[in-house]
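Residue strings, one per chain:
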Number of protein chains: 2
Amino acid sequence: MRILITGAAGMIGRKLTARLVADGMLRKEQIVSIHLHDIVAFEAPDAPFDITVLAGDLASEGVAGALVAGRPDVIFHLAGVVSGEAETDFDKGYRANLDGTRALFDAVRKANGYVPRLVYTSSIAVFGAPFPETIGDDFAPVPLTSYGTQKLVGELLLNDYTRRGFMDGVGLRLPTICVRPGKPNLAASGFFSSIIREPLAGKEAVLPVSRNIVHTHASPRSAVGFLLHAAALAGDAIGPRRNITLPSVAVSVAGQIEALREIAGDETFRLIREERDPAIEAIVNFWPTRFDAARARKLGFVAETDFAEIIRAHIEDELGG
Amino acid sequence: MRILITGAAGMIGRKLTARLVADGMLRKEQIVSIHLHDIVAFEAPDAPFDITVLAGDLASEGVAGALVAGRPDVIFHLAGVVSGEAETDFDKGYRANLDGTRALFDAVRKANGYVPRLVYTSSIAVFGAPFPETIGDDFAPVPLTSYGTQKLVGELLLNDYTRRGFMDGVGLRLPTICVRPGKPNLAASGFFSSIIREPLAGKEAVLPVSRNIVHTHASPRSAVGFLLHAAALAGDAIGPRRNITLPSVAVSVAGQIEALREIAGDETFRLIREERDPAIEAIVNFWPTRFDAARARKLGFVAETDFAEIIRAHIEDELGG
C-alpha cells in the first residue's frame, strides 16, 4: 500500500498521517510508503516505512506528474487554500484550488493503466443560501464564495474523470471541523472552535454571533475517519454520484455552550464573552445549518451524534483526556 | 450598442445574428456593431452597421483578449463543441468548453472597469439521472457526460465572476432545440428533430426509441428569444443565482408524432419508420424529461406551450409557412 497525501502539512493532513503511521495499514494492506506533499517543505514524522516529504506547487508544470510517478494506490487530495484567502486573493485561490486539482487529476489521467482511489476533500461551502430546513442529498449546490466555487469544480472534474475510468474518485463535503486545535485563527468560522477550546484552556473567548445561529460540525477525529472510510469504500457501492455530503452534528451556538457547561462547569462557561461582530454575522447567516446526509450514512460514514461527544473527542485527543 | 457573439457560425448563432440585423436594436439601443466569432472563418451577413467576423480558438493565448478589446456591451457566448464530440475527444471538449469559456471570462475580468452583460448558453445536459417526476429549480445537477460537466463548470465560473463584479452574467440551460433545420446529424438527440423535419419535406425518418420516451423541447425561435430576453433582464431581478433552467415543452415521442399528424396529415405521419437502436435508447433513457422552470417563467422567459406550436414555428421559419 503506497499512499500520497497532498496538503499534508495542514491540520487534517497531519492527523491523517499520524493515524496511518500508528495503524501501519490501510484497507487491510501493510503500508509500504507515504509521500507527503505540501506547497512548502516540512518535517516528516518518524515511521517504520518510507515516509518522504515532497514540496511544490501542484499547479506548476511537472509537479503533479512527479507526485504520481510512483503510482500510489491511494491519494488523499487535501491541498488547497482556505476560504478566506481564496476570497481575498482571487488568482491564488483559482490557481491552488482549481488549477492545482485539475493538474493532479490530469497527471493521474495521463498515467496509462493507472486508476488509483483518489479521496478529495470538498466542503459544505459548495452550498449557498437560501436553504430548506434540512438540506437533502439532491439539493443544488450554489456556492456564494470563490472557495466554494473552486471546490465544486473539483467535484465535477472528479465525477467526470471517474466516470471515464481515469481514476476512482470519492469527494467528501466536509462539515466545519470543530474543535480545531491550536491558536485562534481569523477565519469567520474560527469562533465555533475557540468558544470551546479557549475556555477549556482557562482562557477567555469571544462569541461574535447570536446564540441562535445553527451550524454543523464534526471533530478532527471524525474527519480522519471519513477519509479512511472513503479510501476503503467499494466503488460499486458509491455509484455514479461520487461526491458525498457527510454526516455532522447540527447544533446552535447555545447548544454548543450548554454542552461545554455540562462537561466543564460554570467557571469555564463564564469565560465566553459575547461581542457581536456584524461582519461575521453577515457571513455566517448564509452558511448551511443542517444536512440530511442520508446517502453518506447508508455508505457507513459516521460522525459524532451530539456536540458533547465532539468536546470529549477534543479533550481526549488534544488535552490528554 | 456593441455586440459580440462567440460560436456565431452555429445554428443558433446564425439565427441570433439574423434577428439582431433585422431588429437593428437590442435593449432599445441602436446596434452600432456586431462582432461574430467562431473557430473558423465564415461569411458575415449584410447589415446596415459594422458587422465583422473574427476567427480563432478562444482557448489560445490572446484570442479572447482581442475579442473583448472593443468592450462590447453585450456578449453572447455560444461557442463550444457539442455533446457527442466532447465525449469522443476528451481533450478537445475540455479545451473548447472549459478553457475557452474561462479564457473569455478572464479576458473580461482583466479589462478594468468593464462589466458587460454576458449571456452564456449552458444546457439541460448539466442534469443526470435519476430524476424526480418534475425537475425543480433547486434540484442538484450531476452531469453524466463530459459536455454536461464542462457546461456546469462554465455556469459556476459565471456565477462567481458575476458575484465578484467582474461581469454581469446570465447562464441559460437550453432545452433540446427542436425542430433543428438542415440535414439529419448523428447526435443522439437528432431524431427528435428528424422525425418532424424529414416527413414534412416528404422524406422518410427513422425513430430509434420507444414512443413512450418523454423529453423537453423549445424551437430555435424560442432559443433566440431566450437569448434576447437574457440580454435585457435587470441583474437585480435575477439575484445571486445566475444560471437559469428555461421553460420548454415536455412531450412524449408519441405526442410529437400525434402533433405532426394533426398538422400535416396521415401521409406525412406514415413516413416515420420505427427501428429501435438500443445504443441511442440507453443514452436517451438518462436524459431529463420535464422541468418546472418556475424561476425562468417568473423572470419572463417564454417558450412554446405545446409541441404543435413548435412544429408551426418550424413551418413558418424554415418552410415559408
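Residues numbered from 1 in each chain as written. Chains lettered and ligands numbered in written order. Predicted model: local features only at pLDDT ≥ 70, side-chain atom pairs only at ≥ 80, totals over all residues. Heavy atoms only, no water.

- Looking at an unreviewed UniProt entry, chain A carries the name SDR family oxidoreductase, with the source organism given as Oricola cellulosilytica.

1. Digging into the sheet that holds strand S11 (residues 214–218) of chain B
Residue and element names in this part refer to chain B.
Move 1: With mixed pairing, three strands are arranged side by side in an open sheet as S9-S11-S13. Looking at strand neighbours, the two that pair on one side only are strand S9 (176–177) and strand S13 (249–252), the edges of this open sheet.
Move 2: The sheet contact formed by S11 and S13 spans four bridges and is antiparallel. Within S13, the residue paired with Thr216 across the bridge is Ala250.
Move 3: Running over the sheet, helix H9 (residues 253–269) touches S11 and S13 and is turned about 95° from S13. (Pairing = 2+ DSSP bridges. Helix = DSSP H or I, 4+ residues; strand = E, 2+ residues; numbered from the N terminus. Contact = heavy atoms within 4.5 Å. Axes fitted to C-alpha atoms, helices over the stretch in contact; angles between N-to-C directions.)

2. Description of the domain arrangement of chain A
All names here are of chain A.
Move 1: Domain assignment breaks chain A into domain 1 (2–175 + 218–245) and domain 2 (190–216 + 249–291 + 304–318).
Move 2: If you average the C-alpha positions of domain 1 and of domain 2, the two centres end up 27 Å apart.
Move 3: On the side of domain 2, 14 residues touch domain 1, which itself brings 15 residues to the contact.
Move 4: Together domain 1 and domain 2 conceal approximately 1,300 Å² of surface at their shared face, both sides included; 57% is due to carbon and sulfur atoms.
Move 5: Along the contact surface separating domain 1 from domain 2 lie six residue pairs in polar contact (both at pLDDT 80 or more).
Move 6: Class assignment for the residues of the side of domain 1 that touches domain 2 results in eight nonpolar, four polar and three charged. (Domains from an automatic or database assignment. Buried area = accessible area lost by both parts, 1.4 Å probe. Polar contact = N/O pair within 3.5 Å; in protein donor to acceptor, adjacent residues only side chain to side chain. Nonpolar A, V, L, I, M, F, W, Y, C, P; charged D, E, K, R; others polar.)

3. Regarding the interface of chain A and chain B
Move 1: Of the residues lining the interface, 34 residues belong to chain A; the matching set on chain B comes to 34 residues.
Move 2: Both sides of the chain A and chain B interface together cover about 2,900 Å² of buried area, and 53% of this is carbon and sulfur.
Move 3: Contact with chain B buries area across many residues of chain A, yet A:Phe90, A:Leu156 and A:Arg241 alone supply 21% of it, more than any other trio.
Move 4: Between the two partners, chain A and chain B, sit eight salt bridges.
Move 5: The partner of A:Arg163 in a salt bridge is B:Glu87, with the nearest N and O atoms 2.8 Å apart.
Move 6: Counting across the interface, chain A meets chain B through 28 residue pairs in polar contact (both at pLDDT 80 or more).
Move 7: When contributions to the side of chain A that touches chain B are tallied by element, the ones reaching two or more residues are helix H3 (83–88), helix H4 (90–110) and helix H5 (146–163) of chain A.
Move 8: In terms of residue count, the dominant contributor to the side of chain A that touches chain B is H5(A) (ten residues).
Move 9: Taken together, the residues that form the side of chain A that touches chain B break down as 19 nonpolar, five polar and ten charged. (Salt bridge = Lys/Arg side-chain N within 4 Å of Asp/Glu carboxyl O.)

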